[in-house]
Every structure is written in structure tokens, then in C-alpha cells.
Amino acid sequence: MGDDVGGTCGRERKGRGMIAVVGSANMDVVTEVVRMPHPGETVAGRALRHYPGGKGANQAVAAARVGGSVSFYGKVGRDAYGERLLDAMRADGVDVAGVEIAPDAATGTASIWVEDTGENAIACVPGANGAVDRAYVDRVLARIAGARVLLLQLEIPLETIGYLLDRLPRERPLVVLDPAPARDISRLRLSRIDVLTPNETELHSLTGISDTARAARSLLADGVRTVVCKAGERGAFCFGVATYHVPPFHVQVVDTTAAGDAFNGALAVALADRPLEQAIRFANAAGALATTKPGAQPSLPWRAEVEGLLALEKRA
Ligand SMILES: Nc1ncnc2c1ncn2[C@@H]1O[C@H](COP(=O)(O)OP(=O)(O)OP(=O)(O)O)[C@@H](O)[C@H]1O
Ligand SMILES: [Mg+2]
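Note that the structure is predicted; figures quoted are calculated from it, not measured. For every chain, the first residue of its written sequence is number 1, and the numbers climb from 1 along that sequence. Note on labels: chains are lettered from A, ligands numbered from 1, in written order. Confidence filtering applies because this is a predicted model: local features only for residues at pLDDT of at least 70, side-chain atom pairs given and counted only at 80 or more, and all residues used for totals across whole chains, interfaces and linings. For side-chain calculations, the full set of non-hydrogen atoms in the structure is used, while hydrogens and water are omitted.

## What to know about the overall build of the chain
The secondary structure content of the chain amounts to nine helices and 14 strands. Exposure categories follow from relative accessible area, calculated using a 1.4 Å probe and restricted to protein chains: below 20% of the type maximum is buried, above 50% is exposed, and the middle band is partly exposed. Within the chain, buried positions represent 52% of all 316 residues. By the convention used here, residues are in contact when the closest approach between their heavy atoms is within 4.5 Å. Across the chain, the fraction of contacts at a sequence separation of at least 24, relative to all contacts at a separation of at least 6, is 69%. Approximately 13,800 Å² of the chain is accessible, and the part contributed by carbon and sulfur atoms is 52%. Across the chain, the centroid of the 35 positively charged side chains sits 6 Å from that of the 37 negatively charged ones. For the purposes of this entry, the term helix denotes a DSSP run of H or I that reaches at least four residues, the term strand denotes a run of E that reaches at least two, and both are numbered from the N terminus. Note on areas: Shrake-Rupley with a 1.4 Å probe; residue coverage comes only from the protein chains shown. Charged residues are defined here as Lys and Arg on the positive side and Asp and Glu on the negative side; His and the ends of the chain fall outside this count. For the purpose of locating charges, the reference atoms are NZ of Lys, CZ of Arg, CG of Asp and CD of Glu.

## Section: the sheet that holds strand 1 (residues 18-22)
For two strands to be treated as a pair, DSSP must find at least two bridges joining them. Spatial strand order, 4-1-9-10-11-12-13-14: eight strands in an open sheet with mixed pairing. Each edge of the sheet is formed by a strand with only one pairing partner; in this case those strands are strand 4 (69-73) and strand 14 (243-246). Bridge count for strand 12 (residues 226-230) against strand 13 (residues 236-239) is four bridges, and the pairing is antiparallel. If you follow Val227 over to strand 13, its bridge partner there is Phe239. Orientation is described by axes fitted as lines to C-alpha atoms, over the contacting stretch for helices, and by angles from 0 to 180 degrees between their N-to-C directions. Contacts from helix 3 (residues 134-145) reach strand 1, strand 4 and strand 9 (149-152), with the element oriented near 170° to strand 4.

## Section: the pattern of salt bridges
Between side chains of opposite charge, a pair can form when the charged atoms approach closely. Criterion for a salt bridge: a side-chain nitrogen of Lys or Arg within 4 Å of a carboxyl oxygen of Asp or Glu. Overall, the coordinates contain 16 salt bridges when judged by the stated rule. When the shortest N-O distance is used, the salt bridge between Arg234 and Glu200 registers 2.4 Å. Taken as a pair, Arg234 in the loop between strand 12 and strand 13 and Glu200 in helix 5 (residues 200-207) lie far apart in primary sequence, 34 residues in all. On the accessibility criterion, Arg234 (40% relative accessible area) is partly exposed. Where Glu305 meets Lys293, a salt bridge forms, and the shortest distance between an N and an O atom there is 3.2 Å. Taken together, the positions of Glu305 in helix 9 (residues 303-315) and Lys293 in the loop between helix 8 (276-290) and helix 9 put the pair 12 residues apart, joining distant regions of the chain. Since its relative accessible area comes to 29%, Lys293 is described here as partly exposed.

## Digging into the nonpolar core
Side chains that are nonpolar tend, in soluble globular proteins, to be buried together. In plain words, nonpolar cores are sets of buried Ala, Val, Leu, Ile, Met, Phe, Trp, Tyr and Cys residues tied together by side-chain atoms within 4.5 Å. Of all hydrophobic cores here, the largest spans 56 residues; its most connected members are Phe72, Met89, Val94, Leu267 and Ile280. A per-element tally of this core places helix 8 first, with 10 residues. Residue contacts for Met89: discarding those within four places in its chain leaves Ala25, Ala57, Val61, Phe72, Val94 and Val96. Core analysis: the second largest hydrophobic core is formed by 38 residues, Tyr73, Val140, Leu152 and Val175 among them.

## So, the site of ligand 1
Of all residues adjacent to ligand 1, which total 17 residues, the nearest are Asn199, Gly232, Gly235, Gly260 and Asn284. Definition of a polar contact: a pair of N or O atoms within 3.5 Å, with one able to donate and the other able to accept a hydrogen when the atoms are protein atoms, and with sequence-neighbouring residues admitted only if both atoms are side-chain atoms. In this structure, an oxygen atom belonging to ligand 1 sits 3.4 Å away from a side-chain N or O atom of Lys230. Between an oxygen atom of ligand 1 and a main-chain N or O atom of Gly232, the distance comes to 2.7 Å. Out of a free accessible area of 610 Å², ligand 1 has 84% covered by protein chains. Those elements that place two or more of their residues in the shell around ligand 1 are helix 7 (259-271) and helix 8. Only Asp, Glu, Lys and Arg are considered charged in this grouping, and only Ala, Val, Leu, Ile, Met, Phe, Trp, Tyr, Cys and Pro are considered nonpolar; every other residue, Gly among them, is considered polar. Grouping the constituent residues of the shell around ligand 1 by class yields seven nonpolar, seven polar and three charged. Working definition: residue near molecule or strand if any one of its non-hydrogen atoms lies within 4 Å of it.

## Quick word on the environment of Glu32
Position of Glu32 among the secondary structure elements: in strand 2 (residues 26-33). For the pair Glu32 and Gly45, spaced 13 residues apart in the sequence, the C-alpha separation amounts to 5.7 Å. In contact with Glu32, other than residues within four places in its own chain, are Gly45, Arg46, Ala47, Arg49 and Val114. In this structure the side chain of Glu32 is engaged in a polar contact, spanning 2.8 Å, whose partner is the side chain of Arg49.

## Regarding the side chain of Gln59
Mapped onto the fold, Gln59 is located in helix 1 (residues 55-65). Within the structure, Gln59 has its side chain in polar contact with the side chain of Asp178 (distance 2.9 Å). Once residues within four sequence positions are removed from consideration, Gln59 is found in contact with Leu151, Gln153, Asp178, Asp261, Asn264 and Gly265.

Below, the structure is given as C-alpha cells:
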């Protein structure tokens, strides 16, 4: 599989362009405060806001907005947050028919405190995301296996990701894995990861190697087919059959939240119809655009915006 990542990405599949995301959905509950309370102290908050999030859901929405036909697989709790998360994905055209309600867990949450200074503190409760288990994979595997691209992150149990990679049939989707948050992936079947998309911090913590190129090469030696390192304002670096830099798009940065999710969703979509280097360019454009607006899902760009930025660079 790996060698054709640089080409057309190989096999014709039914449901061309279909992307399966197996991952997390969280409600981000943001409390705005003048300053953080000390332990035992009460402070007045300015506002409480709810934002749909979770890397899985964000990347599913990111892929749908740039034109992918996307199915999201994961779990939410039987509660209002769960319903709101599914509604948010549906509003972006993401198919959530494969999502299950975890009977004994609440919808995943990230409780975020934001000070006027911009300083924040976050507590994540995985809840239903932690219940995405082997039995669930068994129930949805046939549908996932028929996708063109399978997009994964590490906000569901690592054990489940390992099982899913093992269970994929030989005639499988192209696998793109965002190793975020960084966890020890050495026990996964790395040869089943066609494109690994760490940022530089993750790359270093995955390998214990501080030099980016050396760290990427050690993952390749361990079996990963291609490493695409997201490098923020420097664009991206590709290590695989070929090694090259894909330059960034210059934009007015407002908030970099979810740039990585925009990049991954766009990469998954673009891999279905263009060579890897061009797919990374498309993903760079999506990532750059996500930095021009505040927030996570609200900042994820639509296809026309990405194509507009690509066309602009071509003319320049
Ligand atoms: N300041 C920027 N200017 C231009 N492009 C950017 C900028 N920041 C991010 N991007 C684009 O978005 C991509 C993903 O951003 P980044 O490298 O920050 O990923 P990340 O660290 O995984 O982000 P996240 O924290 O959202 O997961 C980059 O590879 C780049 O193409
Ligand atoms: Mg990231």
C-alpha cells in the first residue's frame, strides 16, 4: 500500500471519496473568568459557552466541509450534549448513523477555564469516548472497511485503535492517523498506517528523538508508510518514499485552534483524488484558513475557501 501513497493511492473502491472517521466527540464547556479561582475559592464567571469538539468530530466536520462524503463512528452518552454533538455533525452533512449511545457513560467533555489574560486550564473527561471498544469495532467494521480513507486520532482507547488496525481486511481503506494526543503507539501494527500526521512535539514525544527528520525516519523504520509532519507556520514536511517540504500559505492568524484538525480532514479528502504532495498542499491551505477565525468547528473552512486560497497562490 505504502508505495502508492505517492501516486493515486491505489485501488478503486466502492463509494469513491467516502471517508470513515473513528474517533472522539466532546462537548467543550468553556467558562470565561476574570482570573482562575484558587483551590477552595469562588470567582464570578463572565460567561459559559458550549462548543462541539473532540478531534474525531472536528476532523469529520473538516473533511465534510471540503467536500468529503464522511461517516463518523464513535459513541456519545444518552444526554443533551450527545444530541447536540450529533446535530452539529449532521448540520455539516456528516453521516452519524453508525454512532452508538453508551448506556453507562456520559458524553465526553472538556471543561475549559479561560482567564481574561488568555491563560487557560482544561480537564477532559472521555466518558463515552472511552467506551469505543472492540465489540463496537466488530459491529461497524464492515462499513469502515468499505471506505476510501479511514481517519483516526488517539482520543479513543489505544487498544481499540490497535484492534481496528489488526482487523482491517487486506483490501482496506487508506489509513491516516493523527497521533494526538501523543501516546505510545509502538505496539500498534504500524505497517497499517499509510500516513501518520504528528506535529513536531508529537513526533518528538512518540520517538524520544528531538531531530524531526531523524524522528520521522525512525517511525518509517518501524513500519509507518509515510510521515507527514505538521509544522504550523512552516507548513508541512513529508517523509516517505520521497522527502520534501510543502510550504505554508501566508494568512492573517487569529487563533490556531483546530488548524491540525482542518489539515487532517482536508488531507483525507484530497488523498482520494490527487497525489500526496498536492494533497498536503490542499491540507496546508485548509490548516492556514482555520487559523484566520477563532474557535474549533466554526473555524474549519469550506471547499470554496480552500480552492480560493490555492488559486490565489497560483496567481501570485
Ligand atoms: N500560522 C500558520 N500559518 C500558516 N499555516 C498554518 C499556521 N498554523 C498552522 N498552519 C497550517 O495548519 C497545519 C496544521 O497546524 P499545526 O502544525 O499547528 O498542527 P497541530 O499542532 O496538529 O494543531 P492542533 O493543535 O490544532 O492539533 C500546518 O501544517 C499548516 O499547514
Ligand atoms: Mg494536532
